[in-house]
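Residues per chain, in single letters:
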Amino acid sequence: MALLALENVSVAYDNQYILQNFNLNIEKGQLISLLGPSGCGKTTTLRLIAGFLEAKDGRFLFDGKDYTRVPVNKRNFGFVFQSYALFPHLSVFDNVAFGLRLRKVNEAEVKQRVLRILEVVSLGGFEKRFPKELSGGQRQRVAIARALVISPDLLLFDEPLSNLDANLRINMRVEIRRIQQELGITTVYVSHDQEECFSISDQVAIMNKGIIEQLDDPATIFKYPKTEFIARFIGFTNFIDFAERSETNGEIGLRVGGHEFVAAKNPGTASPMSKKCAMRPDDLLVTTEEADQAGMNRLHGSVKVSTFLGRSYQYVVETELGDFTVNQEMETPYRSGQKVNLLFPKDKMVLVD
Amino acid sequence: MQEKNRGLALFTLLVFLFLLGPLIIISFTSFEPGSVLKFPPEGFSLRWYENIFNVEMFMTTFQTSMIVSLLGNLLALLLGIPAAYALSRFQFRGKGLLNGIFISPVLIPGIVMGFAMLKYVIVVYHLPIYAGLLVGHTVLMLPFIIRVIASSLSNFDFAIEEAALSLGAGRLETFFKVVLPNIRSGIIAAILIAFLESFNNVDISVFMTGPGVSTLPIQMLTYVENNFDPTIAAISVVLMMITAILMFVIERLMGLSYFTKR
Amino acid sequence: MRKKGLYLLLLPGVLFLTLFMVIPIAMTIASTFFHEGSFTLQGYMQFLTDKYFVKILLTTLQVSLVTTIACIVLGFPAAYYISKLGPRKKGILLALAIFPLLTSSVVRSFSWMIILGKKGLLNSSLLSIGLIDKPLEILYTPTAMMIGLIHLFLPLIIITLVGVMENIDPDLIKAAESLGASKFTAFRQVIVPLSVPGLIIGSILVFVGSLTAYTTPALLGGKQRVISTFLYQNAITLNDWYMASVIATIMIVITFVVIFFMNKLATKLNPKG
C-alpha cells in the first residue's frame, strides 16, 4: 500500500479549480518529483500535502490515516522553502533546534541532535552564525537540516535550488539525493527544472493544467514521453501528425498525405491508437545522398536556416510535412536553400498521444 | 561627480533657514532672564524652565497628555497589530474597503473628528471626558500604527511563518515566536510615530477639555492667549528635545523612508 | 476556519472605529439634514447666503491656495537639490525637514508670534535699520496665517517630492543631455513631468492640511476666522451645534472633493500612464 495517497482531491481559489479530482500515490522511501511549467498545479499539490492548503473535496491519506483535516503543525512533515525561510532572528543552532524545542525534547538531546544533523549537511561549526552571515548554499543546508532534525515522516521541497547559481545547484542536488537515500526518507520534490528532477528522482510526475500527464521513472519519461506536451517539455521539437496507422511484423506503418513511414515498435507509453510521432533534433539526420539506407524513413526538403551551435550545426529543414529542426555535427555545413534529404531512424520515432 | 549649482544650493539654504530659523529663535528666547520674550535674549537664565514646574497646570496637563498618549498607544496596538497582520497576510474580499476604513482617520479633518466625537462620544455615549480623550487619541493613532506595521510586514517573508507551522508551532505561537521578533523595530517605530502624533494633537483634544481635564498643547494654547512670558519658549525647547530624541530612534529603527513614501 | 480567524483579527479594530469614528461622523453629517424632526437644507442655505460665512469660506480657500502655491514654489527646487545629493547629505537635510514636521504645531506657530509680533524680531530689526518708522501689523492677519501655514506644510511637500525624485533614474537626465538638451531643458522636460504625481499628492496634503488646520489660524490669525476656527467657535463659544455640524459637513465634502479630483488629475497627468 502506498504511504501517501491523494484521492480525488480538488483545490479551488475564487471558484477556479487549480486541481480537480486529483490522484497521486507515493511509495515509502521514494523521492518523487512534481515537474511542470508554472501554473501547472505542482506547488499547489505540494502545499496541499504540507497542509498549508485545505482540499475542497477528496481525501488525503498518509500511512493509512486520514490527514485531510489535520492542521499543518500536527503533521510532522519537513518543508524546505524556495526562499529558505530561515528565522532571521535566530542563530543556525536555534533555527535547527526550533522544531525539537516545540516537541519539548530535553536540551541535552536537542544539542546532540542539532549538531549531528549539521554534520550530515556539512555545516559543522556554523551553529553560532546567523542566517544573514551565510551564503545561499549554506542557508539552504540549514533549511534542510531544520526540516530533517524533527525526523519528519515526509520531506517536502518547494523549488529549493532555484535561488542558487548553476554550479551550486548541481552540487546541492547531489547532496539532497545523498541525504535522502542515507536517511531513507520519503520525499516530494517540486521543480520546473527537468534536469534537476530527472537527476535526483525515483519517479517523476509531469503535471500540466492540474493533472499528472505521466508518472514514471526518469529514464522512461526521457525516452518515451507519453504525450506531445511532455515530449515538447523535455526537448522533442519535431512532430508529425499521421492520418493512418497499421501494425505489421512488429513494426508500425504510418501514413499521411502520400508519405509512408515506418516506426519500430518500442515499449512506449502512449496509447495503442496514437498516430503522432515525436523526434528529438539530435536524432534526425540531414544528407545530400540519394541512396536509401536501412532502417531510415526519408523526406525531401531544403535548408531554411542554418545556425552554428558550437559543437554542431542546427538546421531548420522545410518539407511538405512542415519544418524540422536537426542538430548535426559536421565539418562543412549545408547552406541555406540547399536541397537535402531528411532521414528519420525508425527506432527514434516515438509515438505520443 | 556632484554637479554644482550654486543658485539652487543657496535657495535650498534659505528654505531651510525659513524652516528652522523660527525654531532656533524660540530656543534662544527661552533663556531670556526678563519676563518679556526678546530676541536676542538680554542674558542667560534658566528661570523660565523652572517656571514650568511652578505652573501647576503644565504639570497636570503634561501628565494627562502622557497617560492619554501612552494608554491610547497601547489600545491602538492591541487593535492595530492584528488588523495590520490580517491586511498584510491575507487576500480576501472587502480588503480595500477595510484598508480605507482603517486609514480614514487621517483623511477626515481633525477638527471635524474632534467635534463629532464631542457630540457623540461625550454627549450621546455619555463617556467621561477623560475616556473620550483616550478614545479619540486611540482613533487618531490607529492609522499610523497600522501603516507603519503593515509596511514592516510587507518586508516579512511569510514563508518563514509557514516554516514555523510546518515544524509544529501553532498559529499564535508562530506569531509570537517568529513574526513578532522580526517586526519588532517596526512596532517600536510605530509606537513612537503614533506617540508624537497623539502628544502634539490639538484638533481633537481641543474639544475634549473639561473641569480638570486638558492636554499640554491645549494648556499651552490657553497660556499663550493670556501671557507672553518665555515659559512657553522653555516648554517648546523641552518638547523639541523629546521630538529630536524620538526621531533619532525612529531613524535608527527603520530609516526615514517612511516619511518620504506616500 | 481561516475565515473565522480573519474576522477575529479585524473585528476589534473595525468595531472600535465604527463606534467611535464612523457613527459619530455619519450622524454628524446626517443631522445637518434634519432640523426639529423634518428634512431641511436650511443650514446650507443659511451658510451660503450669509455674506459673513461665505467670506470665511472664500478666505480659507484663498489662504489654502496661496499656501499651496508658495509651498510648491519653495519646495520643488529645494526637493530637487536634495534629491541629487549624496546619501549622507541627503539624509541630514531630510532629517532637518522632517524634524519640524514632527514638532508640535503649537510650538511652531508660537515661534512666528515671536518673530511677527508688534515688538517682534522682524519689526525690531526693520525699525533699527530704519527701513520703517512704525511697526508693521503682520501678526493676527491672514498674512501671518499664511506664513505660519507655509512653515507648517513646506516640509511635507519637500519630503514627498524627494521621495518621488530620488526614484527618477539619473541616467534619464544624462540621456536628455546627450540628445542635446541643456541642463534646464532636461530638468523641465524630464524631471518636472516625472515629478507630477508626487507634486499632486504633495499639493493635496498641503491644500487639505491648510484648509482644515486649526492651531495656526487660531494663534496667528487674530480675529480673522477660517473655516476650522469658525467651526470651533460655533461648537464651543456659540454652542450652535447645528451650524457647527453644517460646517463640519462642508469641510468633509470639500476635503473629499479635492482629494477625488486631484487624484483624477494625478492619474491623468501621470506620464507613465
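Given the structure is predicted, the values throughout are model-derived calculations rather than measurements.

**So, the interface of chain C and chain B**
Interfaces are often described in size by the accessible area the parts lose on coming together.
At step 1: With 83 residues of chain C in contact, the opposing surface of chain B contributes 75 residues.
At step 2: A buried area of about 7,300 Å², summed over both sides, lies between chain C and chain B, and 84% of it is on carbon and sulfur atoms.
At step 3: Here chain C and chain B share zero salt bridges between them.
At step 4: At the boundary of chain C with chain B, the tally comes to six residue pairs in polar contact (both at pLDDT 80 or more).
At step 5: The element contributing the most residues to the side of chain C that touches chain B is helix α1 (residues 2-31) of chain C, with 18 residues.
At step 6: Here the side of chain C that touches chain B is composed, by residue class, of 61 nonpolar, 17 polar and five charged.

**Quick notes on the sheet that holds strand β21 (residues 350-352) of chain A**
Residue and element names in this part refer to chain A.
At step 1: Across the sheet, three strands lie side by side as β11-β15-β21; this open sheet has antiparallel pairing. Of all strands in the sheet, those bounded by a partner on one side alone are β11 (238-241) and β21. The average undirected angle you get between the axes of adjacent strands in this sheet is 35°.
At step 2: Judged from the four bridges that link them, β11 and strand β15 (residues 276-279) form a sheet pairing that is antiparallel. Bridge pairing in β15 links Phe239 to Ala278.

**Describing helix α5 (residues 105-116) of chain C**
Residue and element names in this part refer to chain C.
At step 1: Along its 12 residues, α5 runs 16 Å from first to last C-alpha, staying within 8% of the 16 Å computed at 1.5 Å per residue.
At step 2: Within α5, 12 of the 12 residues are buried, leaving the element largely enclosed by the surrounding structure.
At step 3: Buried within α5 are the following residues: Ser105, Val106, Val107, Arg108, Ser109, Phe110, Ser111, Trp112, Met113, Ile114, Ile115 and Leu116.

**Some remarks on the side chain of Lys119 of chain B**
At step 1: When you line up the elements, Lys119 of chain B lands in helix α5 (residues 110-124).
At step 2: The side chain of Lys119 of chain B sits in the buried core without any salt bridge; Asp240 of chain C is the nearest counter-charge, 9.3 Å away.
At step 3: In terms of polar contacts, Lys119 of chain B uses its side chain to reach the side chain of Ser31 of chain C, at 3.0 Å.
At step 4: Excluding anything up to four places from it in sequence, Lys119 of chain B contacts Val124 of chain B together with Thr28, Ser31, Trp241 and Ser245 of chain C.

**As for the domain arrangement of chain A**
All names here are of chain A.
At step 1: Taken domain by domain, chain A consists of domain 1 (4-227) and domain 2 (232-352).
At step 2: Spacing between the C-alpha centres of domain 1 and domain 2 amounts to 40 Å.
At step 3: Summed over both sides, the interface of domain 1 with domain 2 buries roughly 1,100 Å², with 69% coming from carbon and sulfur.
At step 4: Together, Tyr224, Pro225 and Lys226 form the three largest contributors to the area buried by domain 1 at its contact with domain 2, with a combined 47%.
At step 5: Inspection of the domain 1/domain 2 interface yields zero salt bridges.
At step 6: Looking at the side of domain 1 that touches domain 2, the elements with two or more residues in it are α6 (194-200), β10 (211-216) and α7 (218-223).

**Here we look at the nonpolar core**
At step 1: Ranked by size, the top nonpolar core spans 261 residues in total, and within it Phe102 and Ile149 of chain B together with Ile158 of chain C carry the most contacts.
At step 2: Per-element accounting of this core gives the leading share, 14 residues, to helix α7 (residues 142-165) of chain C.
At step 3: Setting aside chain neighbours within four positions, we find Phe102 of chain B in contact with Ala83, Leu87, Leu142, Pro143 and Ile146 of chain B together with Leu10, Gly13, Val14 and Leu17 of chain C.

**A word on helix α5 (residues 166-183) of chain A**
All names here are of chain A.
At step 1: Here α5 is 18 residues long and its end C-alpha atoms lie 26 Å apart, about the 26 Å a rise of 1.5 Å per residue gives.
At step 2: For α5, every residue scored as buried is listed here: Met172, Arg173, Glu175, Ile176, Arg177, Ile179 and Gln180.
At step 3: Buried residues in α5 make contact with β3 (31-35), α3 (107-120), α4 (136-148), β7 (154-158), β8 (187-191) and α6.
At step 4: Once α5 finishes, Gly184 follows within two positions and takes phi at roughly 60°, a positive value.

**Section: the sheet that holds strand β2 (residues 16-26) of chain A**
All names here are of chain A.
At step 1: Strand order in the open sheet made by the four strands is β2-β1-β4-β5, with antiparallel pairing throughout. Two strands lie at the open edges of the sheet, namely β2 and β5 (65-66), each paired on one side alone.
At step 2: By the bridge criterion, two bridges tie strand β4 (residues 57-62) to β5 in an arrangement that is antiparallel. In the sheet register, Leu61 faces β5, and the bridge partner there is Asp66.
At step 3: In this fold helix α1 (residues 42-50) packs onto β1 (4-13), β2 and β4, with an angle of close to 115° to the strand it touches most, β1.

**Some details on the UniProt feature "domain: ABC transporter" (unreviewed entry) in chain A**
At step 1: The feature "domain: ABC transporter" (unreviewed entry), as given by UniProt, occupies residues 4-234 of chain A in the numbering adopted here.
At step 2: The span residues 4-234 of chain A carries 36% helix and 26% strand; its end-to-end C-alpha distance comes to 27 Å.

**Focus on the UniProt feature "transmembrane region" (unreviewed entry) in chain B**
All names here are of chain B.
At step 1: Under the UniProt annotation, "transmembrane region" (unreviewed entry) lies at residues 62-85, 97-123, 129-150, 187-210 and 230-250.
At step 2: Its end C-alpha atoms 29 Å apart, residues 97-123 is made of 78% helix and 0% strand.
At step 3: Within the segment residues 230-250, helix and strand shares are 95% and 0% respectively, and the terminal C-alpha atoms sit 30 Å apart.

**Some remarks on the environment of Ile173 of chain C**
All names here are of chain C.
At step 1: Note on placement: Ile173 falls in helix α8 (residues 170-178).
At step 2: The class for Ile173 is buried, based on a relative accessible area of 11%.
At step 3: Each C-alpha atom, one on Ile173 and one on Thr185, is 9.6 Å from the other, the two residues being 12 residues apart in sequence.
At step 4: The residues touching Ile173, leaving out its near neighbours within four places in the chain, are Tyr80, Ala186 and Ile191.

**Considerations on the packing of aromatic side chains**
At step 1: As enumerated under the stated definition, the model contains 48 aromatic pairs over all chains in all.
At step 2: Between Tyr52 of chain C and Phe53 of chain C, the ring centres sit 6.2 Å apart and the planes meet at 50°, which makes this aromatic pair tilted.
At step 3: On the accessibility criterion, Phe53 of chain C (9% relative accessible area) is buried.
At step 4: Following the ring pairs from residue to residue traces out a cluster consisting of Tyr85, Phe90, Phe156, Phe158, Phe175 and Phe176 of chain B.
At step 5: Between the NZ or CZ atom of Arg146 of chain A and the centre of the ring of Phe87 of chain A, over which it lies, the distance is 4.6 Å.

**Describing the side chain of Thr287 of chain A**
Residues and elements named next belong to chain A.
At step 1: Along the chain, Thr287 falls in strand β16 (residues 285-287).
At step 2: A distance of 3.0 Å separates the side chain of Thr287 from the backbone nitrogen of Glu289, its partner in a polar contact.
At step 3: Apart from residues no more than four positions distant in its own chain, Thr287 is found in contact with Tyr334, Val340, Asn341 and Leu343.

**Things to note about the pattern of salt bridges**
Once the charged atoms of two side chains with opposite charge are near each other, the side chains can pair.
At step 1: The full count for this structure, using the stated rule, is 28 salt bridges over all chains.
At step 2: Asp283 of chain A is the partner of Lys348 of chain A in a salt bridge, and the nearest nitrogen-oxygen pair spans 4.0 Å. Of this pair, Lys348 of chain A sits in the loop between β20 (339-345) and β21 while Asp283 of chain A sits in the loop between β15 and β16, and the two are 65 residues apart along the sequence.
At step 3: For Arg89 of chain B, the salt bridge identified is with Glu161 of chain B, shortest N-O distance 2.5 Å. Note that Arg89 of chain B is positioned in helix α3 (residues 56-89) and Glu161 of chain B in helix α7 (residues 159-166), a separation of 72 residues in sequence.
At step 4: Since its relative accessible area comes to 18%, Arg89 of chain B is described here as buried.
At step 5: Taken together, the shared-partner salt bridges connect Arg141, Glu175, Arg178 and Glu182 of chain A into one network.

**So, a nonpolar patch on the surface**
Residues and elements named next belong to chain B.
At step 1: On the surface, a cluster of nonpolar side chains totalling about 460 Å² of accessible area is made up of Ile67, Leu71, Leu74, Leu78 and Tyr130.
At step 2: Per-element accounting of the nonpolar patch gives the leading share, four residues, to α3.
At step 3: As for its position among the elements, Tyr130 is in helix α6 (residues 129-153).
At step 4: On the basis of relative accessibility, which here comes to 33%, the residue Tyr130 falls in the partly exposed class.

Rules behind the numbers
- Residues numbered from 1 in each chain as written.
- Chains lettered and ligands numbered in written order.
- Predicted model: local features only at pLDDT ≥ 70, side-chain atom pairs only at ≥ 80, totals over all residues.
- Heavy atoms only, no water.
- Contact = heavy atoms within 4.5 Å.
- Buried area = accessible area lost by both parts, 1.4 Å probe.
- Salt bridge = Lys/Arg side-chain N within 4 Å of Asp/Glu carboxyl O.
- Polar contact = N/O pair within 3.5 Å; in protein donor to acceptor, adjacent residues only side chain to side chain.
- Helix = DSSP H or I, 4+ residues; strand = E, 2+ residues; numbered from the N terminus.
- Nonpolar A, V, L, I, M, F, W, Y, C, P; charged D, E, K, R; others polar.
- Pairing = 2+ DSSP bridges.
- Axes fitted to C-alpha atoms, helices over the stretch in contact; angles between N-to-C directions.
- Expected span 1.5 Å × (residues − 1).
- Buried < 20%, exposed > 50% of the residue type's maximum accessible area, 1.4 Å probe, protein only.
- Lys, Arg positive; Asp, Glu negative; His and termini not counted.
- Domains from an automatic or database assignment.
- Core = buried A, V, L, I, M, F, W, Y, C linked by side-chain atoms within 4.5 Å.
- UniProt positions renumbered as here; feature names shortened; annotations may be inferred.
- Phe/Tyr/Trp six-rings, centres within 6.5 Å; stacked < 30°, edge-to-face > 60°.
- Lys NZ or Arg CZ within 6 Å of the ring centre and 35° of its normal.
- Patch = residues over 30% accessible without salt bridge, like charges linked within 9 Å, V, L, I, M, F, W, Y side chains within 5 Å.
- Areas by Shrake-Rupley, 256 points an atom, 1.4 Å probe, with all protein chains shown as cover.

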